[in-house]
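# Fold and geometry: a report
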Amino acid sequence: MNNIKLAWKNLWRNRRRTLITAASVFFAVFFALFFRSLQLGSYDHMYKNAIESYSGYLQIQQEDWWNDKTIDNSFRYTDSLNERILDDKNVTGTIPRFESFALASSGPNTKGVMVLGIDPEKEQRLSKVKDKKVKFLLTAKAVEKICEDENLPQKTRDMADKVEGNAYSTVDRFLSDLSLDPGRRDEFLPILESYAGFQNGAIQKGEPGAWIGSGLSDYMELDIGDTLVLISQGYHGTTAAGKYEVKGLIKQPTPELDNKVVYLPVDIARQLFNADGMLTSIALDLKNTDDKAIRETSIRLSKVIPGSTRMIDWREMNEIMIQQMEADNKSGMIMIGILYLVIAFGVFGTVLMMTAERKREFGVLVAIGMQKTKLASIISLEMLYIGLLGILGGMLVGAIGITIGVSNPIVFKGEMALIFEEYGMEPKLVFAGVGTYFLWQSFIVGLMVLISIVHPVRKILGLEVVNALRA
Amino acid sequence: MKRNSFLMQLLLIVLSFNLNGQEPTAKQIIEKADDKFTGEKSSVSVMSMTIVRPAWERTVEFKSWTEGSEKSLTLITGPASEKGQSFLKRGNEMWSWNPSISRLIKLPPSMMSQGWMGSDYSNDDILKESSIVRDYHHKIVGEETLEGRLCYKIRLEAKENAAVIWGHQVRWIDKEDFIFLKAEMYDVEGYLIRTELAGDVQLMDGRKIPTRIELIPEEEEGHKTILKIREIRFNEDIPDSFFSQQNMKRVRS
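What counts, and where the lines are drawn
The written sequence of each chain sets the order in which its residues are numbered from 1. The lettering of chains begins at A and the numbering of ligands begins at 1, in the order of writing. At least 70 in pLDDT is required for a residue's local features to be given in this predicted model, at least 80 for side-chain atom pairs to be given and counted, and no such filter applies to totals for whole chains, interfaces and linings, which use all residues. A run of H or I in DSSP becomes a helix once it reaches four residues, and a run of E becomes a strand once it reaches two; helices and strands are each numbered from the N terminus. We take the radius of gyration over the C-alpha atoms and set the globule estimate at 2.2 Å times the residue count to the 0.38 power. Exposure classes come from backbone-placed C-beta atoms, where a residue is buried if 20 or more other C-beta atoms lie within 10 Å of its own, exposed if 12 or fewer do, and partly exposed in between. Note that contacts rest on C-beta atoms placed from the backbone: two residues are in contact if these are within 7 Å. The residue classification treats Ala, Val, Leu, Ile, Met, Phe, Trp, Tyr, Cys and Pro as nonpolar and Asp, Glu, Lys and Arg as charged. All others, Gly included, are polar. As a per-residue quantity, pLDDT reports the predictor's confidence and falls between 0 and 100. Buried Ala, Val, Leu, Ile, Met, Phe, Trp, Tyr and Cys residues whose C-beta atoms connect them within 7 Å together make up a nonpolar core. Axis definition: a line fitted to C-alpha atoms, limited for helices to the stretch in contact. Angles are taken between N-to-C directions and run from 0 to 180 degrees. An angle counts as roughly parallel when it lies under 35 degrees, as roughly antiparallel when it exceeds 145, as roughly perpendicular when it falls between 65 and 115, and as oblique in every other case. Should the near helix be turned counterclockwise from the far one by less than a right angle, the crossing is left-handed, whereas a clockwise turn marks it as right-handed. When DSSP locates at least two bridges between a pair of strands, those strands are taken to pair.

Another point: the overall build of chain A. Secondary structure assignment for chain A yields 19 helices and 15 strands. For 471 residues, the compact-globule estimate of 2.2 N^0.38 gives 23 Å, and the C-alpha radius of gyration of chain A, at 32 Å, exceeds that figure by more than 25%. A principal-axis box enclosing the C-alpha atoms of chain A has dimensions of 100 × 65 × 35 Å. Residues counted as buried form 36% of the 471 residues belonging to chain A. Restricting to contacts in chain A with at least 6 residues of sequence separation, those with at least 24 account for 79%.

The interface of chain A with chain B comprises 10 residues on the first partner and 12 residues on the second. Within the residue set of the side of chain A that touches chain B, elements represented by two or more residues are β8 (227–233) and β9 (239–250) of chain A. The residue inventory of the side of chain A that touches chain B, partitioned by class, reads two nonpolar, seven polar and one charged.

Our next topic: the confidence of the model for chain B. Taken as a whole, chain B shows an average pLDDT of 84; of its residues, 89% reach a score of 70 or greater. Note on residues 14–19 of chain B: pLDDT under 50 across the span, and zero contacts to partners over four residues away in sequence or across chains.

Before going further, it helps to spend a moment on the nonpolar core. Residue and element names in this part refer to chain A. By size, the foremost hydrophobic cluster in this structure holds 71 residues, and its most contacted members are A210, I212, L228, L230, V262, Y263 and L264. Broken down by element, this core gets its largest block of residues, six residues, from β9. Not counting residues up to four positions away in its chain, the partners in contact with L230 are A102, A104, V115, A241, G242, Y244 and L272. One finds V29, F431, M448 and V449 within the second-largest nonpolar core, a separate group that totals 29 residues.

Quick look at the packing of helix α16 (residues 372–407) of chain A against helix α18 (residues 437–461) of chain A now. Residues and elements named next belong to chain A. The geometry of α16 relative to α18 is characterised by a closest axis approach of 9 Å and an angle of 155° between their N-to-C directions. Overall, the two elements α16 and α18 adopt an arrangement that is roughly antiparallel. Both α16 and α18 take part in a crossing whose hand is right-handed. Residue-level inspection shows K372, L375, A376, I379, S380, M383, G387, I391 and M395 of α16 in contact with α18, the latter providing F438, S442, V445, G446, V449, I453, P456, V457, I460 and L461. Residues of the contact of α16 with α18, tallied by class, amount to 14 nonpolar, four polar and one charged.

Moving on: the pairing of strand β5 (residues 93–98) of chain B. Residues and elements named next belong to chain B. Bridging between strand β4 (residues 86–90) and β5 involves five bridges; their strand directions are antiparallel. Bridge pairing in β5 links L88 to W95. Turn length for the β4-β5 hairpin, with the two strands adjacent in sequence and antiparallel, is two residues, and the turn residue G91 shows positive phi of about 60°. Sheet topology places β5 next to strand β6 (residues 103–106); four bridges connect them, and they run antiparallel. Pairing of W97 across the sheet is with L104, part of β6. The loop that links β5 with its antiparallel partner β6 comprises four residues; one of these, S102, has a positive phi angle of about 50°.

Residues and elements named next belong to chain A. Within the element layout of this structure, S232 appears in strand β8. The spacing of S232 and A102 is 130 residues in sequence and 4.7 Å in space, taken between C-alpha atoms. Contact partners of S232, with chain neighbours within four places excluded, come to S100, F101, A102, L103, A240 and F273.

Next up on the list: unusual backbone geometry. The omega torsion of the bond from G78(B) to P79(B) falls at 0°, within 30 degrees of zero and hence cis. Note that P79(B) resides in the loop between β3 (71–78) and β4. The phi torsion at K128(A) lies on the positive side, around 50°, for a residue other than glycine. With respect to the element layout, K128(A) can be found in the loop between α4 (120–123) and β5 (136–137). Even without being glycine, H236(A) reaches a positive phi, approximately 55°. Looking at the secondary structure, you find H236(A) in the loop between β8 and β9. Residue H236(A) is classed as partly exposed on the basis of its C-beta count, with 17 C-beta atoms lying within 10 Å.

Structure (structure tokens):
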């Protein structure tokens, strides 16, 4: 009991030394947590993006489709098959898809495009295409009007010029790109809407209408109401050709997709490719999406689906992404390892100095009769206090910072956003919430503190009083 | 003079006798066989093409008008989903007309290696300008019997600077009627790329021709394309304006 009290008092005898040592531990914990949170957060975000924005957690495909995506590798889809799938207790919805590629043409422009035959209503369960419809389009004319309107803030008018041609599916992104204060949203939004607002039509069963990516519309010079011609090879080598009215524009976050995507109603896409009744995949909407549930659902369903089809889960569909992230994860761990190394030497350095500084003090204490073991245990306790102080402080501040970060992800806009988008990423840094990784980081830093205790303990146990007193 | 012309006649008779008596050279055989296909002024034909794949097969029917080797127009007559498409070839350019999109498309070079109507015939095969007479050295390498017909077996070696895609070909030509019955195409490295088999020799509009041609690509297991000639008429007068972009949209079978 005495030891504990003594150690605590000792700490505050030299406040500055204590605080510096504690601070080095504190920063070690804080930065390690911060980086880890960002890293884990971005993985999680990318997984969610990839899975929930398109592939889903589980799909049914013709067995060869995944490796050879030609429409000859499609399968027959019937109502009874659909019912059998929906009978599964973990399946809440089926999302039918017919995917292929085509040459798109309009006037003198042609481009290779990806044709996605979808059911817009069912797609709401997964990729939510409807929510990605363009709400604002900064055409040259819209930009001109914004620049001329003197009621709008100067900053907005300046920004408008720089983002000309951009399309937006969310109000937030639109306003932030135009540097408009969210607080004055109600005041200016109606004005901006009248200049740059954009109206889309619907695509539906039986009607030859198309939604196209906003990048594609820009490249092909296609507006709502224009005709898009698609040419390709259909099922079993037939000629596929059709013309479709552009009904709406879709803003896909990744430019790669935005520049080449064409959505058709699924039955119209099948007609185009002469593949009535066929699908290339069915994505499933699941109630429970943890790994075990997905595995069990997959096993259950593989018994009811036709022989030529198979189940494929998100891990297989996102293999490359998972590998990339694993590699990134490893490099992140190395970075944190280096961080630890630097900090470990920092902590150890402070301890070394402290031991040297207090050599005379130790000598005096031992000379007046204090047991070396007792002294060593007091010093150890001191070190533990400092470690605990730093770790707990780092965890506390880290937790607060990360919690704020989780609800306020760092969103880039303008030029920075474009750089992210060019790499196919959302211009957003997301934090992972407080989790088990907290314990690991703290444990490792704690271990570092314990190791650095060894030095003063050894010094004290091997202390020669005469030499120490002369120090 | 009289004596002169008599001598000339005699000379001609002797010469022609000589020619008949001697084995023709490889080049002459190829020339004669090639004439069976390209020697006519024009032709109008009705054909069907069956595309065979490991898992499925389908048949496309079409009618084709050709004049020389330069001009041709092809109209798809079946199946219903593809009916009405037409293809025009003039020289080494090709256009396609698709009624469902009302678009006339000039086939870009990038599409040349693709199969015509999904078959094993590439667009390039249809357009290619090379001549088996001019672009190859010919050599008789033997005789073989195919479908009960005695054939010359002739090896065609591509000339150094000829614009051809094959390294060499081996062709089997019927000795009696000078009809190509089989051909093997090899690439520059000497690998067999495709085999063509001709059969069902019939009398069509006064000429003996094979009415069934099978194309078997070597690299793809279970793939082949079978072309059948249902009707053919030779040397009909076709006006030049028939082979025009305007006519592609109008032409009916």
